[in-house]
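# Coordinate analysis (summary)
In case you want the letters, here they are:
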Amino acid sequence: MDQILENYRLDLERRCGNSVPKFDPKSGSSSAIVLALFQDPGDSGAEVSGLVSIDNDDPTANRTKKMVEDYGIEREVVLFWNFYASYNLELSRKKPKIEDKKYWAQHLELLVDECKRLKLIICHGKLARDGMSYFNNKRNIPIISAPHPSRRGMTQPNAKENLKGAWKNVKEILERN
């Protein structure tokens, strides 16, 4: 277990007053190069396993794992996380307010500060992208936008091609660095 990430997670639980899934020990640590950012833990994958993981049994995890494998990206260089990091936010029923976006952006800034080797963020889904507009990107880390890899996210026009293109960009940037 990465103690830096676990300390961050425990502090986040304390601050937000909700449970927060654990980081996947098989994936990136605080020394990750890529942050793969999703919207929220939802009610299937992370809520069942207790981890933000591409090994979860849900369409988002399955599709993301396929992208990572198809592009030959080592999962150890990728840290998987959610912009709205805690459970029970009910984002499918109520849209986040500006103060919610600012709040979670500040918590994400703390995570990014702990990940000193981070060189790239791939941001999945509209809710996460909207929240990222409040993220203070002090290190000017490039951010790649991608559709959410959920079943619903893939119903959008050109979503599959755009998801593949985003992960292809991740691979290309990793190869250059």
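Look up: the structure comes first, before these words.
Residues numbered from 1 in each chain as written. Predicted model: local features only at pLDDT ≥ 70, side-chain atom pairs only at ≥ 80, totals over all residues. Heavy atoms only, no water.

Another point: the pattern of salt bridges. According to the stated counting rule, one finds 13 salt bridges in the structure shown. Notably, a salt bridge pairs Arg14 with Asp11, separated by 2.5 Å at the nearest N-O pair. Of the two residues, Arg14 and Asp11 both sit in helix H1 (residues 3–16), three residues apart, roughly one turn of that helix. Asp11 sits in the partly exposed class, given a relative accessible area of 23%. A salt bridge links Asp130 to Lys126; the nearest nitrogen and oxygen atoms lie 2.8 Å apart. Here the residue Asp130 and the residue Lys126 both occupy positions in helix H5 (residues 126–132), the gap between them amounting to four residues, near one helical turn. Relative accessible area serves as the criterion here: at 27%, Asp130 is assigned to the partly exposed category. (Salt bridge = Lys/Arg side-chain N within 4 Å of Asp/Glu carboxyl O. Helix = DSSP H or I, 4+ residues; strand = E, 2+ residues; numbered from the N terminus. Buried < 20%, exposed > 50% of the residue type's maximum accessible area, 1.4 Å probe, protein only.)

Here the focus is the pairing of strand E5 (residues 120–124). Of all five residues that make up E5, five are buried, and the element is covered over most of its length. Taking every second residue as pointing to the same face, both faces of E5 are buried, with Leu120, Ile122 and His124 on one and Ile121 and Cys123 on the other. Of the strand pairs in this sheet, strand E2 (residues 34–38) and E5 are connected by four bridges, and their pairing is parallel. Following the sheet pairing, Leu37 is matched in E5 by Cys123. Sheet analysis places E5 next to strand E6 (residues 143–146), joined by four bridges and oriented parallel. (Pairing = 2+ DSSP bridges.)

In the structure shown here, the tally under the stated rule is five aromatic pairs. On the numbers, 4.8 Å between centres and 75° between planes, the contact of Phe83 with Tyr84 is edge-to-face. Residue Phe83 is classed as buried on the basis of its relative accessible area of 1%. For Tyr84, a relative accessible area of 1% puts it in the buried group. Between Tyr103 and Trp104 the ring centres are 5.1 Å apart and the planes differ by 90°, which places this aromatic pair in the edge-to-face class. For Tyr103, a relative accessible area of 28% puts it in the partly exposed group. Classification of Trp104 by relative accessible area gives buried; the value is 6%. One aromatic cluster is present, built from ring pairs that chain together Tyr8, Phe23 and Trp81. (Phe/Tyr/Trp six-rings, centres within 6.5 Å; stacked < 30°, edge-to-face > 60°.)

Take helix H4 (residues 98–114) next. The first and last C-alpha atoms of H4 sit 25 Å apart over 17 residues, in line with the 24 Å expected at 1.5 Å per residue. Restricting attention to buried positions, one finds in H4 the residues Lys101, Trp104, Ala105, His107, Leu108, Glu109, Leu111 and Val112. Where H4 is buried, its residues touch H1, strand E1 (22–23), E2, strand E4 (78–82) and H5. (Expected span 1.5 Å × (residues − 1). Contact = heavy atoms within 4.5 Å.)

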